[in-house]
Amino acid sequence: MQLTVWTYEGPPHVGAMRIATAMKDLHYVLHAPQGDTYADLLFTMIERRAERPPVTYTTFQARDLGADTADLFQTSVRETWERFEPKAMIVGASCTAELIQDDPGGLAEALDLPIPVIPLELPSYQRKENWGASETFYQIVRALCAPPPEDKPQRLRPCCNLLGATALGFRHRDDVEELRKLLDQLGIDINVVAPWNATPADIARLADADFNVVMYPEIADTAARWLKRMHGQPFIDIVPIGVSATRDFIEAVAELTGVDPEPVLEAGNARLPWYSRSIDSTYLTGKRVFIFGDATHALAAARIAREELAFEVVGLGTYSREFAREVRALAKELGVDALITDDYLEVEARVIELQPEMVLGTQMERHIAKRLGIGCAVISAPVHVQDYPAAYSPQMGFEGANTIFDTWVHPLMMGLEEHLLGMFSEDFEFSNAARPSHLGGGARIEAEPDGDGAEEEGTAVSDQADGAEEIPWSDDAQKTLSRIPFFVRGKARRNTETYARERGIDTITSETLYDAKAHFGR
């Protein structure tokens, strides 16, 4: 274990909570001390759910450790069944309770409740949240899924299950709706969506479908493979994020079911391809981007960046160690070194080293990019409240591609406005002492002091490689550098310092900066 102020994933019991909260008529009894009840806030405050998660904590205290904590757990299970009357129950221990080894599964089984009780063995000190969600969903499917009836009724249209959408997922709610629409256009019915809004009875009829769609492999891959092995259900694990991936997904579904994909492919309403080719977007070509997130979204983002927006991917990484092989394979194809880590300080160090013009990542990468003055868009959980929008904002399908284009491009476009404001910062209308234009002219306000030695936005911050001697910048060079748009300022600084170092220049001046620009522009 590691002491840290930030973590990309919680312990595995938080993953189990995500599954339980996504479902209906299922309750989770968690053997945990008082302090482990914090996870409720993830759903009520961050995801803004209208109800608490269906989780009951035993909330034992220090004084209970000298008594019978096993009896406390059984009492909690019995009272939970009597109060909430769930159709199924899952039981397990938090990372703290795991140490006292009370065996929640065996204790719950001894109560002989008239509902399925599914024990969870989640090794808190070896695994993390997404694995916990995957294992929980797999155990629920394995315990509740019934074999299909022998006299399976004939259908007019093929049908499938959508697997993997959970509570606290990145745009999972809207991705489900987008895939519903897309599959309906193809003539495919939805049998069950799980775990999102599914009941134990829905899980029982998963095997009735013709095939499964794995929306998020981190969550549903294990369950889908079990359904294929036990019930012969094929599955599609192409994640339709981005225009190209959505087209690949449509063609895969058509090949599996025999439907005609052409009408849907021709009717696709994605505006990303045209926007990315339009004259308004040509200045985006070749932008250097760093990508980090869960494996599903990081892999999808890398493909979109390279194939659909003509960005240059200079860094790719994930905290999903279970899918490190896939990320490493794509990174090798892109010619970059994959970063597999759950340490945000390593991610920050890589961003500083690469000096990209844009970062695509989680909420933590948003903070990192903001500190470094780099444009950023959030593409993956973990995220904060603003990335659970009330409006329809999918990532999957053609409409998801439109959302992605807006989300990614706006930080770069807004950079132009910030650059213009910075360029004219000394003009009387735009200076810090000017009254805001929407409040009327004539009055001036006192400018705020810069602070104790705080660097202004245009100040050159050294980011050379370890061991390289720092080259000072003159005041006029720093002023000239500040007039360069911030989203290419890092590249200009690197090129100028490289130029100066190769020629033995002791101090960088404005003339040096212009000479470097001419040299690298040849």
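Preceding block: the structure.
Below is a short write-up of the structure. These numbers were taken from a predicted model, which means no experiment stands behind them.

1. Things to note about the packing of aromatic side chains
Next, step 1: Evaluation of the coordinates by the stated rule reveals three aromatic pairs.
Next, step 2: Summarising the aromatic geometry, the rings of Tyr8 and Phe292 are spaced 5.3 Å apart at their centres and angled 50° between planes, so their arrangement reads as tilted. Placement of Tyr8 in the segment before helix H1 (12-22) and of Phe292 in strand E9 (residues 288-293) is noted, with a sequence separation of 284 residues between them.
Next, step 3: Judged by relative accessible area, which is 4%, Tyr8 ranks as buried.
Next, step 4: Feature note: the residues Tyr8, Phe292 and Tyr319 constitute an aromatic cluster, connected by ring pairs.

2. With respect to helix H13 (residues 324-334)
Next, step 1: Among the residues of H13, those classed as buried are Ala324, Val327, Leu330, Ala331 and Leu334. Down the axis of H13, the buried side of the element spans an arc of 135°, and every buried residue falls inside it. Residues of H13 that are exposed and point more than 90 degrees away from the buried face comprise Arg325, Lys332 and Glu333.
Next, step 2: Packing partners of the buried residues in H13 comprise helix H12 (295-308), strand E10 (312-318) and strand E11 (338-340).
Next, step 3: Downstream of H13 by a residue or two, Gly335 has a phi angle that is positive, lying close to 80°.

3. Quick word on the pairing of strand E1 (residues 26-31)
Next, step 1: Counted residue by residue, E1 has six buried out of six residues, so it is predominantly covered.
Next, step 2: In E1, alternate side chains face the same way, and those of Leu26, Tyr28 and Leu30 on one face and His27, Val29 and His31 on the other are all buried.
Next, step 3: Relative to strand E3 (residues 88-93), E1 is paired through six bridges, and the arrangement is parallel. Within E3, the position partnered with Tyr28 by the bridge is Ile90.

4. A look at the sheet that holds strand E2 (residues 55-57)
Next, step 1: Pairing is parallel in the open sheet, where four strands are placed in the order E2-E1-E3-E4. The open sheet has two edge strands, E2 and strand E4 (117-119), and neither has a second partner. With strand direction ignored, the average angle separating the axes of adjacent strands in the sheet is 20°.
Next, step 2: In this fold H1 packs onto E1, E2 and E3, with an angle of close to 160° to the strand it touches most, E1.
Next, step 3: Each of E1, E2 and E3 touches helix H3 (residues 69-84); the most contacted strand, E1, lies at about 160° to it.

5. Some words on the nonpolar core
Next, step 1: By size, the foremost hydrophobic cluster in this structure holds 112 residues, and its most contacted members are Tyr28, Ile203, Ile291, Leu316 and Trp408.
Next, step 2: Beyond its immediate stretch of four places on either side in the chain, Leu316 contacts Phe290, Ile291, Ala298, Ala302, Val327, Leu330, Ala331, Leu334, Val336, Asp337, Ala338 and Leu339.

6. Concerning the side chain of Asn130
Next, step 1: Counting through the fold element by element, Asn130 comes out in helix H5 (residues 129-144).
Next, step 2: Judged by its relative accessible area of 11%, Asn130 falls in the buried class.
Next, step 3: Within the structure, Asn130 has its side chain in polar contact with the side chain of Arg18 (distance 3.1 Å).
Next, step 4: Leaving out residues up to four positions away in the same chain, Asn130 has contacts with Glu9, Arg18, Glu218, Ile219, Tyr319 and Ser320.

7. Observations concerning the environment of Trp131
Next, step 1: Along the chain, Trp131 turns up in helix H5.
Next, step 2: Residue classification places Trp131 among the buried residues on the basis of a relative accessible area of 19%.
Next, step 3: Trp131 sits 189 residues away from Ser320 along the chain, and the two C-alpha atoms are 8.9 Å apart.
Next, step 4: Setting aside anything within four residues of it in sequence, one finds Trp131 in contact with Glu9, Glu121, Leu122, Pro123 and Glu322.

8. Side note on the environment of Asp210
Next, step 1: Within the secondary structure, Asp210 sits in the loop between helix H7 (200-204) and strand E7 (211-214).
Next, step 2: Of the residues examined, Asp210 reaches a relative accessible area of 33% and is grouped as partly exposed.
Next, step 3: The spacing of Asp210 and Asn191 is 19 residues in sequence and 9.0 Å in space, taken between C-alpha atoms.
Next, step 4: Among residues more than four places away in sequence, those in contact with Asp210 are Lys152, Arg155, Pro158, Cys159 and Pro234.
Next, step 5: A distance of 2.9 Å separates a polar atom in the side chain of Asp210 from the backbone nitrogen of Cys159.

Thresholds applied
Residues numbered from 1 in each chain as written. Predicted model: local features only at pLDDT ≥ 70, side-chain atom pairs only at ≥ 80, totals over all residues. Heavy atoms only, no water. Phe/Tyr/Trp six-rings, centres within 6.5 Å; stacked < 30°, edge-to-face > 60°. Helix = DSSP H or I, 4+ residues; strand = E, 2+ residues; numbered from the N terminus. Buried < 20%, exposed > 50% of the residue type's maximum accessible area, 1.4 Å probe, protein only. Arc of directions from axis to C-beta. Contact = heavy atoms within 4.5 Å. Pairing = 2+ DSSP bridges. Axes fitted to C-alpha atoms, helices over the stretch in contact; angles between N-to-C directions. Core = buried A, V, L, I, M, F, W, Y, C linked by side-chain atoms within 4.5 Å. Polar contact = N/O pair within 3.5 Å; in protein donor to acceptor, adjacent residues only side chain to side chain.

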